[in-house]
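Analysis of the macromolecular model
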Amino acid sequence: MGKSKADIAGPIAVRLLREKREALGLSMNAVAKRARLSHSMISRVEHELRRPTLDTLLRIAEAMEIELWPLIKESENAFRPTSKAKSR
């Protein structure tokens, strides 16, 4: 059985969040403090050792002062099942 949309899009969204954090020059500690999360939570999420809840993702995005939804949409667009034929 193939991977679900969430199995593929979730890690991509997390990777995009990490890339945004790095581009903004923010440390994991700074994001953790702003998001009221532990450094280990941020690290586990970024290293895909933990599947974050929507609340956690929103808190991280808010801490970085970015919108989460465009990242989710971008990660969702990366999900392109190869087994389905295009119907249009």
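What this report covers is the structure whose coordinates are included nearby. (Residues numbered from 1 in each chain as written. Predicted model: local features only at pLDDT ≥ 70, side-chain atom pairs only at ≥ 80, totals over all residues. Heavy atoms only, no water.)

1. Quick notes on the layout of surface pockets
In this structure, the largest pocket encloses a volume near 370 Å³. Together, 17 residues line the largest pocket, and A6, A9, G10, P11 and R51 are the ones closest to its centre. Sorting the residues of the lining of the largest pocket by element identifies α1 (5-23) and α5 (69-77) as the ones contributing at least two each. The leading source of residues in the lining of the largest pocket is α1, at eight residues. (1 Å grid on protein atoms, 1.4 Å probe; cavity = no way out; pocket = protein on both sides within 12 Å on 5 of 7 lines; lining within 4 Å. Points joined across faces, edges and corners; volume = space filled by probe spheres on them. Helix = DSSP H or I, 4+ residues; strand = E, 2+ residues; numbered from the N terminus.)

2. What about unusual backbone geometry?
One non-glycine residue, R36, lies in positive phi territory at about 60°. In this fold, R36 is placed in the loop between α2 (28-35) and α3 (39-46). Of the residues examined, R36 reaches a relative accessible area of 65% and is grouped as exposed. The backbone of E48 sits at a positive phi, close to 55°, despite the residue not being glycine. Tracing the backbone shows E48 in the loop between α3 and α4 (54-63). (Buried < 20%, exposed > 50% of the residue type's maximum accessible area, 1.4 Å probe, protein only.)

3. A look at empty space enclosed by the protein
Using the criterion set out here, one finds one cavity of 30 Å³ or more in the structure. Each pocket or cavity is described by its volume, and for the largest cavity that value is around 50 Å³. Those elements that provide at least two residues to the lining of the largest cavity are α1 and α3. Looking at which element gives the most residues to the lining of the largest cavity, the answer is α1, with four residues.

4. Remarks on the environment of S43
Tracing the backbone through its elements, the reader meets S43 in helix α3. With a relative accessible area of 19%, S43 lands in the buried category. Each C-alpha atom, one on S43 and one on A32, is 9.3 Å from the other, the two residues being eleven residues apart in sequence.

5. Some points on the nonpolar core
Residues L17, V31, L37, I42, I60, M64 and I66 are the most contacted members of the largest nonpolar core, which totals 21 residues. Elements represented by at least two residues in this core include exactly α1, α2, α3 and α4. Once residues lying within four places of it in the same chain are set aside, the contact partners of M64 are L17, K20, R21, L24, L26 and V31. (Core = buried A, V, L, I, M, F, W, Y, C linked by side-chain atoms within 4.5 Å. Contact = heavy atoms within 4.5 Å.)

Scope: geometric values only; no functional claims are made or implied.
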